[in-house]
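Topology and contacts: notes
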Amino acid sequence: MERRMNQVPLFSSAGELANMVITSNLIDVALAKIFELQRGQAALPCSVQPMVYDPTPNEPNRTIVVFAPSPDSTQYPLPQGGDLVPYPDFDFLCTKECPSVSINGAALELFESLKNHLSVLKTELIARDGQLIITGHSLGGSVASLFTLYLLDSMNKKSKCRPICITFGSPLIGDFGLQHSQWNSFFLHVVSNKDPVPGLFLTSSHSQTTAYKPFGTYLLCSELGCACYDDSDLILKLLTVISSEVAGGLLQVVDYGEILRNLKKRAICKGRWLAVERFADPFSAGIVMELETIGIDWTKHNIDIRRMEAEARSLAMKTKAFDAKKLNDIKKYMALLEWYKKRSKDAGKGYYDCFKNGEFKRDIRIGEFMGHLNAYWEDMVAQAERKPQKEGASFRTSWLFAGTTYRRMVEPLDIAVFYKDGKRDYIKKARSQHYKLLEQWYEEAAKPTTREELDSKKQKVSVLLTEDSCFWAHLEEAILSCKSLTNANSTPELRESSGNDLVKFGEYVMEQIENYAVSPEIFLKDSSFMKWWGEYKAYITSPSNPCSSRFIEFIDFMKTGRYGVYGRSEVAA
Amino acid sequence: MGETVGKLIGLNDEVISPTASLAMEAHNSHSKPFLVKKIKIRHDHLSVVVLAFRGSMLPNDWFGQPPFRETKIDTNKFRSLTSLNDRGDAVINGSFFRRFNTVLEQSSLVKEVKKAVAKKKQVVFSGYSSAGPIAILATLYFLENLEPNQILPPRCLTFGSPLFGDQIFGHALRREGWSDYFTHFVMKYDIIPRIMLSPSSTEHEQILNYFKSKFDRKTINPAPPIGFYLTVTGNASSVASYEACHLMGCRNPSLDIIKSFIELSPYRPSGTYIFCTGNGNLVVVKNPNAVLQILIHCAELGESNAAEVEKRSMDEHLAYLSELKECLGMQDVVSLDGGPAAATLNDLGLSPQAMLCLQSAEEFENGRSRNQYQIRKNKDKIEVELGKMRKYKENSEIRRVGYYDSFKLQHEDDDFHANVSRLQLAGIWDEIEETLKEFEVPDDFERKKEFIEIGTEYRRLVEPLDIANFYRHSKDKETGAYRIISEARPDRYLFIQRWLEHHEKKPFGSRSESLFWADVEQLGIDIKKKGYLQEIEDRIHQLERNLIAWIDVDKSLDKDVLLENSTFVKWWRALPPQHKPESDRIEKLICDNEKAAGL
């Protein structure tokens, strides 16, 4: 605990961010259009008809789309309650933590009823250049959020439209969280502490209470001021508090126009606050001041300020400078492993065997490098998995190449550790999820090899890494099979199955060789592979079953010593 | 305590009052673009020449399109007002800049200043209200063009000046060590120093028109405008909150998105600010982030005095002379450097939230010093790796293979070790560059000799290896050639090169010796592709001249490029003779180098 004394002080910027929003005219613009639509809306047939306000000479780069509920649904929002309905059309939001997506029934019904119209609108808006404000009040805001998600999914790098979704007093819309997605930064939800609607589904009368997850930034406000939060758990807590304190106020209509006018005045007034002296550190002082400003009694509702501080501290670590350093460290560890690989090759053994046998003194440090690399890549994979599918995919394309090199370099070492301990069946029992995903993503992105590429691989195979990072696991299994085959105590059944496995392994190796997918280092004099071959070749005398041509080819390749020229480009040419 | 204003800003106290008077007089002058006055100081043989500029309250001389009248500064006139990384040139208010240019070109300003400097006098430029920015520009102009015999740099005093330059502007001033030459007096509620934080509007015109009629004295008791305060200070508050988010380390990803939807003023304070609290006290602040927060928060409304504050915000712009007279008599001065002390800030009437903002501004400065300290500590690590690199280079030379070629081949253990060192160093320098881009080290970092020196050595020693790595993997096919500014070249080298060029006052690109190998490689590739076009011939000739200059004249390139077996010598010797205009001199260099080794 005394370490905290020496730590750099932290600050909470929730109040300043909210102040910046309030004193700019961003939400005025959105709210003014909502009011404009509501005034002229009586004649519209649908209760949440979207309205597009095109750019004007004064605002040539700004399009505004408004979803405003009819006066009726403002007063009686969402009578159907908080039921969550699975909605496969939004499966693009799925993440590892949220494998399927459910959406509030009432919001979904409205969204579905407008979908034909919205699909056309979406295509048209994406083609535009400039700011795009999508906004709505209450249920209208829910549909605005859904429409924004729908739009974000269709955008790509070339899209020039820059969307933001601003809702006023909208209820939560679904069970998916977007904490780890960039998408959540496009959402700003304005909520008054007098408004019962946003926390509507969080009161105990609804069974699915815990399933709803807020996403985006919430600007919470009271008569005294406002503050912005993006921590999903905290928002959920604050919304619950607000809804419990306005219980029974369902008929009350909150006038966001009046609230905004008041907040603008408040923003240039000196805040009244009494509790400064109670907190020595600025972070707690700021948090408490912000909570009091939005009308929350933090002691009564048991809000954990230390947890918030710990979270803020870990976020403060993640700077660009920190990332730059880390990335170069990772490159450094890879270079060190490459060097180890070269040394091992010069020793006639290959880095897999050197590491497994602990040949050199520096092998101890290899474990340390592996640890850093594994931690880094496990984290990268986990980050990709927490994002919605499309975003995750584009996130990982930038590093999939580096990730593949890492997998081919490091996984053999993990395999070595596994078999050194005398265990069996690495691929089924011990292979880490991140290797599986890295391989899966690589396979998905890979294109079939062309003739020219195969030629160039043939030229370069001596410097390439073995493509199948599980090659050594297959070999270790083959070594064990070979033992069963040669062991006098083995049952005939075991011998037969072992023999079959070995044939399969031979075919597998030949296929790798034909594709120049395996490093010639496996043929080094003292490698496990050559030892295996030395034992096995004596036992392949009687092919009881008809053998595949590839297996025969393999035996020939090994017996005639053709492997000696594999990977020597000058001989091959 | 016991400090006087003069001591805090490094100017004799007797200068301030007369300067303020002259600034007021000059602002409303109808005939002259500036007034000149000599001030003799008692007990000191130094005398001071004050130049004060005329002002203008015409809206066109303040605002226009774009909404903040922002424009890039002319770096031909003001070569230092730029960032040395990728943050571009300083942005300033174009209207004031235009007025300054008129004064510079059409008046005897330069002559007057030269005259004063020749007589070894200290020059003080000053301006009240809209003449403030003119005084700032004049000071900068003469700082950029110091006379060779000038001992005392020019100084600048402004009174109720509007904001004028952006963050880069202030950064460049502080980097050059000029910031302390600028002192700005601001009354607690004066609207004019805040007005540029809000986009031009009808409210602005009303305010300027009111002051114009006050100064012109044509109308008796003109009615001050009302109802502008909410808009003008509201926009200013938005800027202060945005900066506070930054100071407080806001990690909400929505911040950037929201920022892209709103138009914030680019202008930020720079120089030393002296706030007149209205009860005779003065508060001196140098931290630019703290100045901005005070500027906004001290003018906030209290419980019920909105109309009164609005009126004061107009009146106080007219009250500098009388207020300064009182303050300078009392000399009740408090300096804020070293942290906000609650008691001293009572006079400014800051709220608890404002105090947190100030604390974060101070903490941000501390963070910058900590970062610099950390980098200094890392210098040892850099030295160790550079030492290994030097050894690598020497060993390669002993084997008569340049380290460039050896690294490109990657046959030896040493090459692997060098690669690890290269990556280690890249990590440290990339971290430094990211910190610089975010302005998270003190502003004068890039001018510190220790960093320029170690950076330059790093660049000359290690960039060739990055180039070797680049062409070894034929990366030019993916990203294009490795040039001075290109996707291929890591930013760290470009920035370090600019530090040196700036330090030596040399044009951009003149210190490209670390790119020698890239020029060689790329020429080889381009000749194969295109043959001997005129453009290629020019490039070969340029390469030859560079080589001679770098090796022979300033020794910024080492002779290992001349080894008989180097990629360069082999390539160059294979060129047809008609394409080698400097053939004789370079042959001689190669031979001399071989002979020297033979001895």
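The rules behind these values
Residues numbered from 1 in each chain as written. Chains lettered and ligands numbered in written order. Predicted model: local features only at pLDDT ≥ 70, side-chain atom pairs only at ≥ 80, totals over all residues. Heavy atoms only, no water. Helix = DSSP H or I, 4+ residues; strand = E, 2+ residues; numbered from the N terminus. Buried < 20%, exposed > 50% of the residue type's maximum accessible area, 1.4 Å probe, protein only. Contact = heavy atoms within 4.5 Å. Expected span 1.5 Å × (residues − 1). Salt bridge = Lys/Arg side-chain N within 4 Å of Asp/Glu carboxyl O. Arc of directions from axis to C-beta. Pairing = 2+ DSSP bridges. Axes fitted to C-alpha atoms, helices over the stretch in contact; angles between N-to-C directions. Buried area = accessible area lost by both parts, 1.4 Å probe. Polar contact = N/O pair within 3.5 Å; in protein donor to acceptor, adjacent residues only side chain to side chain. Nonpolar A, V, L, I, M, F, W, Y, C, P; charged D, E, K, R; others polar. Right-handed = clockwise from strand over helix to strand, strands pointing away.

Notes on the overall build of chain B
When you go through chain B residue by residue, the secondary structure sums to 24 helices and ten strands. By its C-alpha atoms, chain B is 90 × 55 × 50 Å across when sized along the principal axes. Put simply, chain B has 599 residues, and 58% of those count as buried. The contacts of chain B with a sequence gap of at least 6 include a subset with a gap of at least 24, amounting to 75%.

So, helix α17 (residues 413-437) of chain B
Between its first and last C-alpha, α17 of chain B extends 36 Å over 25 residues, near the 36 Å set by a 1.5 Å rise per residue. Positive phi shows up at F439 of chain B, right after α17 of chain B, with a value of about 55 degrees.

What about the environment of V561 of chain B?
All names here are of chain B. Here V561 shows up in the loop between α22 (534-553) and α23 (567-574). Separated by 74 residues in the primary sequence, V561 and E487 place their C-alpha atoms 25 Å from one another. Setting aside chain neighbours within four positions, we find V561 in contact with F516, W517, L547, I551, S566, F568 and V569.

Considering the pattern of salt bridges
Here the structure, examined in full by the defined rule, presents 74 salt bridges over all chains. With its nearest N and O atoms 3.3 Å apart, the salt bridge here joins K264 of chain A to D28 of chain A. With K264 of chain A in helix α9 (residues 256-267) and D28 of chain A in helix α3 (residues 26-39), this pair connects stretches of sequence that are 236 residues apart. The partly exposed category is assigned to D28 of chain A, whose relative accessible area is 24%. The salt bridge partner of E450 of chain B is K379 of chain B, with a shortest N-O separation of 2.9 Å. A residue pair is termed long-range when its members are at least 10 positions apart, and E450 of chain B in helix α18 (residues 449-472) and K379 of chain B in helix α15 (residues 352-398) qualify at 71 residues. For E450 of chain B, a relative accessible area of 25% gives the class partly exposed. For K379 of chain B, a relative accessible area of 18% corresponds to the buried category. Members of the salt-bridge network, linked through shared partners, are R459, R460, E504, K506, R511, E513 and D554 of chain B.

Quick look at helix α10 (residues 254-261) of chain B
Given 3.6 residues per turn, any residue in an α-helix points the same way as the ones three and four places further on. Of all the positions in α10 of chain B, only S254, L255, I257, I258 and F261 of chain B are classed as buried. Considered in projection along α10 of chain B, the buried side chains sweep an arc of 165 degrees and stay on one side of the axis.

A look at unusual backbone geometry
All names here are of chain B. Following Q65, the chain continues to P66 via a peptide bond in cis, the omega torsion being -10 degrees. Relative to the helices and strands, P66 resides in the loop between β2 (47-53) and β3 (70-72). Even without being a glycine, R217 presents a positive backbone phi close to 60 degrees. The topology assignment puts R217 in the loop between α8 (202-216) and α9 (229-247). On the basis of relative accessible area, R217 is assigned to the exposed category, the value being 69%. The phi torsion at F439 lies on the positive side, around 55 degrees, for a residue other than glycine.

Focus: the sheet that holds strand β7 (residues 182-187) of chain B
Residues and elements named next belong to chain B. Pairing within the open sheet is mixed, and its eight strands lie in the order β1-β2-β5-β6-β7-β8-β9-β10. At either end of the open sheet lies a strand with only one pairing partner, and these are β1 (34-40) and β10 (332-335). Strand-to-strand twist across the sheet, computed as the mean angle between neighbouring axes with direction ignored, equals 20 degrees. Bridging between β1 and β2 involves seven bridges; their strand directions are antiparallel. Considered in β2, the bridge of K40 is made with S47.

Structural notes on the interface of chain A and chain B
Contact residues are listed per partner, giving 58 residues for chain A and 57 residues for chain B. Between chain A and chain B, roughly 5100 Å² of surface is buried when both sides are summed, and carbon and sulfur atoms account for 65% of that area. When the buried area of chain A at its contact with chain B is split by residue, F11, I268 and K270 of chain A rank highest and sum to 16% of it. If you look at where chain A meets chain B, you find two salt bridges. On the surface where chain A and chain B come into contact, there are 21 residue pairs in polar contact (both at pLDDT 80 or more). Put simply, the parts of the chain that give the side of chain A that touches chain B at least two residues each are α2 (14-23), β5 (130-137), β6 (161-168), β7 (187-192), α9, α10 (282-293), α11 (305-317) and α12 (320-346) of chain A. A total of 13 residues in the side of chain A that touches chain B trace back to one element, the largest contributor, which is α12 of chain A. For the side of chain A that touches chain B, a count of residues per class yields 29 nonpolar, 13 polar and 16 charged.

Things to note about the pairing of β6 of chain A
All names here are of chain A. Of all the eight residues making up β6, seven are buried; the element is thus mostly covered by neighbouring parts of the structure. When β5 meets β6, the two strands line up parallel, connected through eight bridges. Paired with L132 across the two strands is P163, which belongs to β6. In this fold, β5 hands off to helix α7 (residues 139-154), which returns the chain to β6; that crossover is right-handed. Sheet topology places β6 next to β7; four bridges connect them, and they run parallel. Looking at β7, one finds that C165 is bridged to F187.

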